[in-house]
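# An overview of the molecular structure
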Amino acid sequence: MVGKYTGISDSYLSILKALLHASVALDRKLVVDWVPSCDLEDSAAVETPDAYEKAWGLLKGANGVLVPGGFGDRGVQGKILAAKHARENNVPYLGICLGMQIAVIEYARSVMKLRDANSTEFDPAAKTPCVIFMPEGSKTHMGATMRLGSRRTFFQVNNCKSAKLYANANYVDERHRHRYEVNPDMVSEFEKAGLSFVGRDESGRRMEIIELPTHKFFVGTQFHPEFNSRPGKPSPLFLGLIAASSGQLEHLLQRTSGAVSSPTRCIAGPGAPKTKLRMNGLVSTYFANGSSIHI
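Predicted model only: the values in this text are computed from it and were never measured.

### Some thoughts on helix α1 (residues 13-25)
At 3.6 residues per turn, the α-helix brings residues three or four places apart onto the same side. Given a rise of 1.5 Å per residue, 13 residues ought to cover 18 Å, and the 18 Å separating the end C-alpha atoms of α1 matches this to within 8%. Just beyond α1, the residue with positive phi is Asp27, at close to 60°.

Have a look at this one:
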């Protein structure tokens, strides 16, 4: 898990639980490494070389990469580098909210050669604004201006991985929490370059799910699938990430089990809890101070 708030364990609690729900369902041992996104950036190589080497070592050793949501520009370049690494090395990737926007920015810069591509959240004067502030939003009143709550996403491509993970549904209802979105005026350019927008809202102009069809598993969502994950009923997209990270995705998409017991590494950083599914079925969560809880 590559994020900005990795030093505060509760920041990504819903995501950690969703990863656990999916891992249990697939009979996998979950090992989450927390990577502070700032430690992946070039400046960290000079200022904190030990942290830089550790962060890149964890990232390169992971079977799957998850980039969660967040606000502000701190650590954004590190998240972009994480998305680039996952895309170029065929490592399963799930980007949530900002994590999806990051993947779009990285694709524009690296694949489409749009060097000035950015979000107007990070650069209001961006020459190539591939992520923009929502038209109906307010930049002066921050309270109650987000796109919140359950919203409907319609699948545009029936045979994409996301639709299959949702049991070939025509649409899904998932929860949202954002102010920025992919620039709809650039969508056709992205799709010509190979990035597929497989889920959209009812208007067709708000992008909800991206996929890279040529990749093992490269998915981004504007919504937060972790909010609807439950024990015994894991989020389909988290199932997809864990399955892809452990070599089970094809079996999962064909609705067969194929679960095998071996460790799967996903990413995350210092001070946060580690969770492991043990052979006896217990879950052990332990912290840097040595304390632990068993579920």
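Now that the structure is up, let's keep going.
### Describing the nonpolar core
Tyr93, Cys130 and Phe190 are the most contacted members of the largest nonpolar core, which has 42 residues in total. Sorting elements by how many residues they give to this core places helix α5 (residues 98-110) first, with eight residues. Ranked by size, the runner-up nonpolar core spans 37 residues in total, among them Ile96, Phe223, Ala243 and Leu253.

### Notes on the sheet that holds strand β6 (residues 117-119)
Reading across the sheet, the three strands line up as β6-β7-β10 and stay open at both edges, with mixed pairing between neighbours. Each having just a single partner strand, β6 and β10 (180-182) make up the two edges of the open sheet. When strand polarity is set aside, the average angle formed by the axes of neighbouring strands in this sheet is 30°. Summarising the sheet, strand β7 (residues 128-133) and β10 pair through three bridges and their orientation is antiparallel.

### Re the pairing of strand β5 (residues 93-96)
Alternating positions in β5 separate into two faces, Tyr93 and Gly95 on one and Leu94 and Ile96 on the other, with burial throughout. Of the crossover connections in this fold, the one passing from strand β4 (residues 65-67) over helix α4 (residues 76-88) to the parallel β5 is right-handed. As paired elements, β5 and strand β13 (residues 218-221) share four bridges and run parallel to each other. In the sheet register, Tyr93 faces β13, and the bridge partner there is Phe218.

### Digging into the environment of Lys127
Along the polypeptide, Lys127 turns up in the loop between β6 and β7. You can call Lys127 exposed: its relative accessible area is 72%.

### Structural notes on the packing of aromatic side chains
Applying the stated criterion to the full structure yields seven aromatic pairs. Plain terms: the ring middles of Tyr12 and Trp34 are 5.8 Å apart, the flat faces sit at 25° to each other, and that makes the pair stacked. Of this pair, Tyr12 sits in the loop between β1 (2-3) and α1 while Trp34 sits in the loop between β2 (29-32) and β3 (35-36), and the two are 22 residues apart along the sequence. When its relative accessible area of 4% is taken as the criterion, Tyr12 is described as buried. An aromatic cluster of at least three residues, connected via ring pairs, comprises Tyr5, Tyr12 and Trp34.

### Considerations on unusual backbone geometry
Located in the positive-phi region is Asp27, a residue other than glycine, with phi close to 60°. Within the secondary structure layout, Asp27 lies in the loop between α1 and β2. Look at Cys97: it is not a glycine, yet its phi comes out positive at around 55°. Here Cys97 shows up in the loop between β5 and α5.

### Here we look at the environment of Leu59
With respect to the secondary-structure elements, Leu59 resides in helix α3 (residues 49-60). By relative accessible area, which is 0% here, Leu59 ends up buried. Linking Leu59 and Val2, residues 57 residues apart in sequence, is a C-alpha distance of 8.4 Å.

### Regarding α4
Between its first and last C-alpha, α4 extends 18 Å over 13 residues, near the 18 Å set by a 1.5 Å rise per residue. Taking burial as the measure, the 13 residues of α4 include 10 buried ones, the bulk of the element. When we look at burial in α4, the residues that qualify are Val76, Gly78, Lys79, Ile80, Leu81, Ala82, Ala83, His85, Ala86 and Arg87. Of the surrounding elements, those touching the buried residues of α4 are β1, α3, β4, β5, α5 and β13.

Rules behind the numbers
- Residues numbered from 1 in each chain as written.
- Predicted model: local features only at pLDDT ≥ 70, side-chain atom pairs only at ≥ 80, totals over all residues.
- Heavy atoms only, no water.
- Helix = DSSP H or I, 4+ residues; strand = E, 2+ residues; numbered from the N terminus.
- Expected span 1.5 Å × (residues − 1).
- Core = buried A, V, L, I, M, F, W, Y, C linked by side-chain atoms within 4.5 Å.
- Buried < 20%, exposed > 50% of the residue type's maximum accessible area, 1.4 Å probe, protein only.
- Pairing = 2+ DSSP bridges.
- Axes fitted to C-alpha atoms, helices over the stretch in contact; angles between N-to-C directions.
- Right-handed = clockwise from strand over helix to strand, strands pointing away.
- Phe/Tyr/Trp six-rings, centres within 6.5 Å; stacked < 30°, edge-to-face > 60°.
- Contact = heavy atoms within 4.5 Å.

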